[in-house]
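# Topology and contacts: notes
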Amino acid sequence: MVNVTLPDGTKQAFAEGSTIRDIAERIGPGLAKAAIAGKVNGAIVDLSHVLEGDASVQIITPKDKEGVKVMRHSCAHVMAEAICGLWPAARLVYGPTVEDGFYYDIDLDEPIRPTDFERIEQKMDEIAKADRPFIRTEMTREQAMAKLAGDPYKSDNVSRAEGGTISFYSHGGGFEDLCRGPHVPSTGRIGAFKILSVAGAYWHGDASQKMLQRVYGTTWPTRKDLDDYLNRIEEAKRRDHRVVGRQLDLFSFNEAGPGFAFMHPRGMVIWNSIVDFWRSVHARYGYVEIKTPIILNEQLWHRSGHWDNYKENMYFTTVDDTAYAIKPMNCPGGCLVYQTRQHSYREFPLRVAELGLVHRHEASGVMHGLFRVRQFTQDDAHIFCTPPQIESEIVGVIDLTREIYGAFGFKDVRIELSTKPVKHIGSEEIWEVSTNALKGALAERPIDYQINEGDGAFYGPKIDFHIRDCLGRSWQLGTIQLDFSMPARFDLVYTDEDNTEKTPVMIHRAVLGSFERFIGILIEHFAGNMPVWLSPEQVRVLPISEKSNDYAVAVQTRLREAGVRCASDLSDEKIGAKIAKAHGEKTPCMAVVGPKEAQSNTVHVRVRGGQDGKAMALDAFASLLQRTIASKQTDPVTS
Ligand SMILES: [Zn+2]
Ligand SMILES: [Zn+2]
């Protein structure tokens with residue numbers, strides 16, 4: 001007999017040779033029907049897996065994340081069979097799952113085109129309908145190598161595989177593939193799928209190797225899940241900040257500086273609005289601000305540890321025959337400012353912010369609009385404090401962070417706490433004090449958080465903040481990082497109550513992370529329809545004809561005096577065309593004016609996304625806008 005422990009803690013005995021399917025069947029027919037794989041002592045296995053001894057077992061269905069992954073990988077096999085059926089010359093290379101889907105790298109001289117996707121899908125449909133079982137066979141490494149002789153790709157995969165046993169999976173139709181598994185029980189269980197794209201990919205990502213065709217697909221438990229996903233990616237494409245940024249003339253990139261963003265006047269308005277808000281909140285939370293140089297002597301980076309740990313991502317230069325580095329982080333500069341005078345416990349906590357321009361070298365292949373750049377402004381700060389002050393400082397950073405996110409409409413904030421890794425510096429005591437301080441701070445605020453045990457940096461534990469945008473995508477923005485290394489490296493000290501010199505605790509923290517990236521996220525989150533307080537142009541005045549141009553300019557002047565960013569369209573276009581243009585440029589408010597409005601000192605207000613609009617006294621409109629801007633309302637103007 002083998003003893004099986006189920007997820008609810010109950011134990012049941014099964015006959016020797018029992019499979020995961022046997023266990024599912026005993027638990028209930030519904031579960032047996034839904035089952036697609038099992039989890040044995042934490043490892044995902046086929047339903048046909050035979051238990052080899054006592055084990056804890058969980059039945060995996062398409063409702064489980066792991067189940068969807070098994071479906072996706074199985075779907076990759078089915079796609080591979082379909083492609084090999086259509087192109088007998090195709091040779092399979094490697095077919096893993098990726099987030100939300102899978103791909104298969106294929107060596108085939110004839111290009112697979114998007115117009116081919118439909119017939120590949122038809123073939124996959126046939127294979128799925130036939131509902132043929134996935135069958136696993138195992139052999140020794142030597143047998144596998146003999147079987148795969150002449151296939152450079154699969155032989156290479158075997159040579160990279162771990163363990164002495166090599167497995168293959170067939171699902172009938174004469175199709176078999178080298179694979180570790182596991183798989184769904186049969187081809188009918190691969191879910192609702194779609195082929196998404198095809199792109200070139202070098203074997204092993206090595207540009208000296210042959211260019212392969214990487215075919216991407218996705219599969220979901222139900223047709224509805226698939227449709228929702230396809231809608232989400234369509235919507236994400238529509239909102240792509242690179243496209244919207246060009247349409248709205250917010251920023252650009254140039255070959256003269258790959259990965260270095262050029263912010264245009266309209267983009268700078270968004271940027272400066274965020275900076276103004278950021279500064280006002282930081283001042284209220286007791287921060288001071290500094291600015292440190294971008295280029296600093298290379299010796300400093302040896303001392304800070306960046307040379308040893310971060311050299312590959314840094315830029316270097318020479319000034320007067322001396323080696324310098326361009327800062328990838330602001331911390332060493334912050335330490336130099338701290339060192340310029342003596343410090344006492346009385347002035348702690350010391351909260352020193354810096355909107356620091358940093359350069360980090362990223363491979364050219366990973367750059368992506370404002371999301372991945374080589375130069376960005378980090379909304380950094382360093383807090384110097386005593387160990388007993390850590391907890392209240394963290395609470396303060398959490399409050400400040402949530403307040404800032406909230407102003408942009410991001411209310412769904414999730415936190416991850418990463419604790420002491422195996423390799424670490426600093427005493428056990430300081431790790432315990434600080435980790436408990438982080439936990440204490442999190443307990444003090446009702447906030448959803450998860451612990452990543454052992455995932456902290458070697459120099460201290462950290463907290464990461466994640467937000468969710470309107471498409472459900474999660475973005476890591478802020479971070480709080482305790483550092484037991486740098487204050488000592490820079491001999492930072494303060495005089496404590498007992499008149500002795502001590503090393504301060506240093507907390508690094510960023511709220512938005514990178515201004516560039518955050519603006520990219522905002523553009524996609526709002527699809528370019530920035531809230532009024534962030535809009536480059538908050539109101540456009542539209543005279544219905546040339547006769548009302550003077551009044552339009554007067555309205556513009558009145559609104560500008562009220563602190564509103566306002567322009568007027570004095571072109572010869574018809575009013576309908578002017579409205580369409582303002583809509584297209586995502587101006588949140590339009591003030592249409594004609595002789596009637598001029599006479600009564602009113603404006604006809606149209607709101608982005610609204611249809612008709614309504615008449616308002618000019619003064620009332622000005623104060624409504626002031627209220628809307630001051631409250632950082634994320635909806636369009638409402639009275
Ligand atoms: Zn497989
Ligand atoms: Zn820092």
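Notes on the structure in this doc start here. (Residues numbered from 1 in each chain as written. Chains lettered and ligands numbered in written order. Predicted model: local features only at pLDDT ≥ 70, side-chain atom pairs only at ≥ 80, totals over all residues. Heavy atoms only, no water.)

Let us look at the packing of helix 9 (residues 265-284) against helix 13 (residues 390-407). For the pair helix 9 and helix 13, interaxial distance at closest approach is 11 Å and the crossing angle is 155°. What the angle tells us is that helix 9 and helix 13 run roughly antiparallel. Between helix 9 and helix 13 lies a crossing whose hand is right-handed. Facing helix 9, whose interface residues are F277, W278, V281, H282 and R284, helix 13 presents L400, E403, I404 and A407. Counted by class, the contact of helix 9 with helix 13 contains six nonpolar, one polar and two charged residues. (Axes fitted to C-alpha atoms, helices over the stretch in contact; angles between N-to-C directions. Helix = DSSP H or I, 4+ residues; strand = E, 2+ residues; numbered from the N terminus. Parallel < 35°, antiparallel > 145°, perpendicular 65-115°, else oblique. Left-handed = near helix turned anticlockwise from the far one by under 90°. Contact = heavy atoms within 4.5 Å. Nonpolar A, V, L, I, M, F, W, Y, C, P; charged D, E, K, R; others polar.)

Another aspect to go through is the coordination of the zinc ion (ligand 1). Around the zinc ion (ligand 1), the protein supplies H73 (NE2), H77 (NE2), C179 (SG) and H183 (NE2) as donor atoms, at distances of 1.9 to 2.2 Å. With four donor atoms in place around the zinc ion (ligand 1) and angles of 95 to 128° between them, the coordination shape is tetrahedral. Within one chain, the residues donating to the zinc ion (ligand 1) are spaced in sequence as H-x3-H-x101-C-x3-H. One end of the pair, H73, is in helix 3 (residues 65-86); the other, H183, is in the loop between strand 11 (176-178) and strand 12 (192-202), and 110 residues separate them in sequence. (Donors = N, O, S within 2.8 Å, 3.2 Å for Na, K, Ca; no water. Tetrahedral: all angles 85-135°; square planar, octahedral: opposite > 155°, others 65-115°.)

So, about the nonpolar core. Among the nonpolar cores identified, the biggest contains 85 residues, and I274, I394, F408, L559 and F621 are the most heavily contacted of them. The element best represented in this core is helix 13, accounting for nine residues. Residues within four places of L559 in sequence aside, it is in contact with V539, V564, C566, L618, F621, A622 and L625. (Core = buried A, V, L, I, M, F, W, Y, C linked by side-chain atoms within 4.5 Å. Buried < 20%, exposed > 50% of the residue type's maximum accessible area, 1.4 Å probe, protein only.)

Once that is clear, we can look at the sheet that holds strand 17 (residues 295-297). Ordered in space as 17-19-18, the three strands form an open sheet in which the pairing is antiparallel. The two strands at the open ends of the sheet, each matched to only one other strand, are strand 17 and strand 18 (315-319). Each strand of the sheet is rotated relative to its neighbour by a mean of 40°, with strand direction disregarded. (Pairing = 2+ DSSP bridges.)

For the rest of this paragraph, the subject is helix 20 (residues 618-630). Under the 1.5 Å per step criterion, the end-to-end length of helix 20 is 18 Å for 13 residues, consistent within 8% with the ideal 18 Å. Its buried side turned inward, helix 20 meets strand 29 (539-543), helix 17 (549-561), strand 31 (589-593), strand 32 (602-607) and strand 33 (614-617). In the stretch just after helix 20, K632 is the one whose phi turns positive, near 55°. (Expected span 1.5 Å × (residues − 1).)

Our focus in this paragraph is the pairing of strand 1 (residues 2-5). Burial along strand 1 is one-sided: the residues V2 and V4 are buried and none of N3 and T5 is. Across four bridges, the pairing between strand 1 and strand 2 (residues 11-14) is antiparallel. From the neighbouring strand, V2 faces strand 2, where its bridge partner is F14. In this structure, the hairpin formed by strand 1 and strand 2 is closed by a connection of five residues, where G9 is found at a positive phi of approximately 95°.

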